[in-house]
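Structural overview for review
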Amino acid sequence: MKSSKQTDEEIRLLGDSSRQYTVALGGGEYNSLVNRAGRSASIGALGGTQSLGTFSFIQPPQVKGLPKSYSVSADGTPSYLTPTQMGRQELYKEVPFQAVFGLQRNVRSISQAFALTAAEMEVHDSADLTEEERSARMSRASMFILDELEFDANVVTIPLVFAIIVAATCQFLVGYNTGVMNAPEKVVFPGHSTLAWSLAVAGFAVGGPLGAVFGGKMADQRGRRGALLIDTWTFLVGGLMQTFALDMFTIIAARFIIGFASGFSSVLVPIYLGELAPPSLRGMLGTITQFALVVGILVANLFAFPFAEEGKWRFLFAVTPVVAIAQLLMSPLLLESPRWLLGRDPKSLKARYIIKSLRGLRYDHEVETEVGHFMMGGAAQQQDQKSQLGVLKEMWSQRKTRILLISSLVLQMGQQFSGINAVFYYSTSFFEGVIDNPMVGTTIVGAVNVLATYAVLFLMDRCGRRTLILWSAAGMFFSSCVIVATLLGYFEKLVALVAVNTYVIFFEFGLGPIPWLIVAEMFSGKYVAVAMATSSQLNWGCNFVVGLVFPYMNKYLGPFSFGPFAAVLLGIFVFAATLLPETQGSTPEQLAREMSRTLSQSVVYNPNVESSSQIDQEWRKAMEQLQQEEDAERKAGTYDYGFQPIEHNTGVEAGGGAPAV
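**Examining the packing of helix H3 (residues 83–94) against helix H13 (residues 364–380)**
- Their axes nearest at 7 Å, the elements H3 and H13 cross at an angle of 35°. By crossing handedness, the relation of H3 to H13 is classed as right-handed. Two secondary-structure elements touch here, H3 through Gln 85, Arg 88, Gln 89, Tyr 92 and Lys 93 and H13 through Thr 369, Glu 370, His 373, Phe 374, Met 376, Gly 377 and Ala 380.
- The class makeup of the residues in the contact of H3 with H13 is 4 nonpolar, 5 polar and 3 charged.

**Quick word on the environment of Ser 71**
- Mapped onto the elements of the fold, Ser 71 is located in the loop between strand S3 (54–57) and strand S4 (80–81).
- We classify Ser 71 as buried; its relative accessible area is 6%.
- Once the C-alpha coordinates of Ser 71 and Leu 81 are considered, the two residues, 10 residues apart in sequence, prove to be 8.5 Å apart.
- Those residues within four positions of Ser 71 in sequence are excluded, and the remaining contacts are Phe 57, Pro 60, Pro 61, Pro 78 and Ser 79.

**Some words on the pairing of strand S5 (residues 603–606)**
- Side chains of S5 alternate between two faces, with Val 603 and Tyr 605 buried and Val 604 and Asn 606 left unburied.
- Here S3 pairs with S5 via 4 bridges, running antiparallel. Considered in S5, the bridge of Thr 54 is made with Asn 606.

**Details of the sheet that holds S3**
- Pairing is antiparallel in the open sheet, where 3 strands are placed in the order S4-S3-S5. Edge strands, defined here as strands with exactly one partner in the open sheet, are S4 and S5.
- Inspection of the sheet shows S3 paired to S4 by 2 bridges, in the antiparallel sense. Looking at S4, one finds that Ser 56 is bridged to Tyr 80.

**Some words on the confidence of the model for the protein chain**
- On average, residues of the protein chain score 80 in pLDDT, and 82% of them reach the 70 mark or higher.
- Looking at the elements of the protein chain, mean pLDDT is at its lowest for strand S1 (residues 20–25), recorded as 34, and at its highest for helix H10 (residues 313–330), recorded as 94.
- Low pLDDT (under 50) marks residues 1–46, which in the prediction has 89 contacts with non-local residues, meaning those over four places away or in another chain.
- Contacts from residues 648–661, a stretch scored under 50 in pLDDT, to residues over four places away or in other chains number 4 contacts.

Thresholds applied
Residues numbered from 1 in each chain as written. Predicted model: local features only at pLDDT ≥ 70, side-chain atom pairs only at ≥ 80, totals over all residues. Heavy atoms only, no water. Axes fitted to C-alpha atoms, helices over the stretch in contact; angles between N-to-C directions. Helix = DSSP H or I, 4+ residues; strand = E, 2+ residues; numbered from the N terminus. Left-handed = near helix turned anticlockwise from the far one by under 90°. Contact = heavy atoms within 4.5 Å. Nonpolar A, V, L, I, M, F, W, Y, C, P; charged D, E, K, R; others polar. Buried < 20%, exposed > 50% of the residue type's maximum accessible area, 1.4 Å probe, protein only. Pairing = 2+ DSSP bridges. pLDDT = per-residue confidence, 0-100.

See the structure below:
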């Protein structure tokens, strides 16, 4: 074990900060607080992962279209990958090609697992090292690899930025059109029936599942970029129809078209961004698109104040075509998905040009390595079955995936039948008689929804998925009970507003993101696309039922309108407590053991003994020099102990000032 004095000296050499890294070393844990900038500078001076060994394939991977240079050198000998390149390959293989909200933890776990695996390989054959030297070398190797793997998250190029803007704007339109019908019910063609308005609201959810099916097919046939343009044109057509509608029938038809575009977007946008971005950015991009959606709901609530009036409601609907036109103006800057291009032609020069632009690469060999990562990742996540039904049958035939499939479908139904979209569709009418201005209540709910979406990012890094579902279902259940009790007169009416907001907060803490996240985290890569598509279709179908039925529930059940939702939430709580497996995923240590087993079957690690020895010598010299400098400072009385010593007042202060403290 390291002495406290030596550990402090290493931290001082590398810098200190509030960020903590925990790296498992030989069954123990070595905790170090390091400053990223200072550490990166030190790592660069010590050689980074270039100072470590290399990986070479035992046999060339049997992956169609894989660049030959990825596994074989020009002279016919096995090619090699640096630890960072091998780590990126593992990320491409393990992280789904989808931008999913909350995926960051999964990416970090895989990165840490590979760093642990590679660090153990680095010292595996070093029998001449003491335990202290082994720990130091493992710590250093893990730190080098983690830093370089995380560098991807800091590289965001201009082409990727434009793709994020256009794709996130599609999700903004999904959110906007989710909330836009909330306020103007009384001013859009006054005199319409409850059924007509219910169909207009629910028509959005009728088009959704159809769009989800069609979106996946178009993405495969026309490319991700082409499908995104089709989706944008669909938003434009539906928005124009809704803005210039002549009657409620036109409104219903327009809502169906916009719902179709929204379902299309819900499938396409995560795929498009997931295939453009490196694995380390996919969770962040999923977070951005989720924020775009909830911000869209809030903007719809805010725009209702000036425009939810007779003669002005068309301006409220005109936002959709205006935003769609802005997207089309930016479309020349969009790039096609390199994964889709490589899937059609592994030798595609266009795909290589796009990869070079997206990653900011300079050299052809770097591009070929990245192409290899795409091909290896695509092969690992490729499904043998061609039809969605065939894949579902395969998943059902395996006990482990069957439990996960049932859990994901139950949670998708629970998400919608919890009644959350009843709030976003009808909260203005619900708040009538509860507060003086119902639109104020609706806007407060929208703002709370945005804040809760941000807050849940911190919880998802600290709590298990099952735990969050339990808290979410319980919190929403009690909030629903309070809403019913308030409407029955047991509490002041303002309590109903508070209860609706706590209901939304608890939704965003669990039932909002978790049903989608468990698909990306727990299913094998080859099942993720089909599981996501099936979940999306079921979600939209349940969404339609809620949108159609809630006005009648509100009309005939009165104060008990949230009662059925409370019953569903109680059922979700019981299901999560008794049947739902913990879906948080494996720890980095567990992943590292599995990764070590699989890597040992396909690659050989070649330690760089000479370089490692030189680095160890440089490290010792740095430690000795640091010790000498600190000893000299202590003798001179200038050593910084981290606080200012108290200077006693002798009656004579330099400069005539007050005594220094």
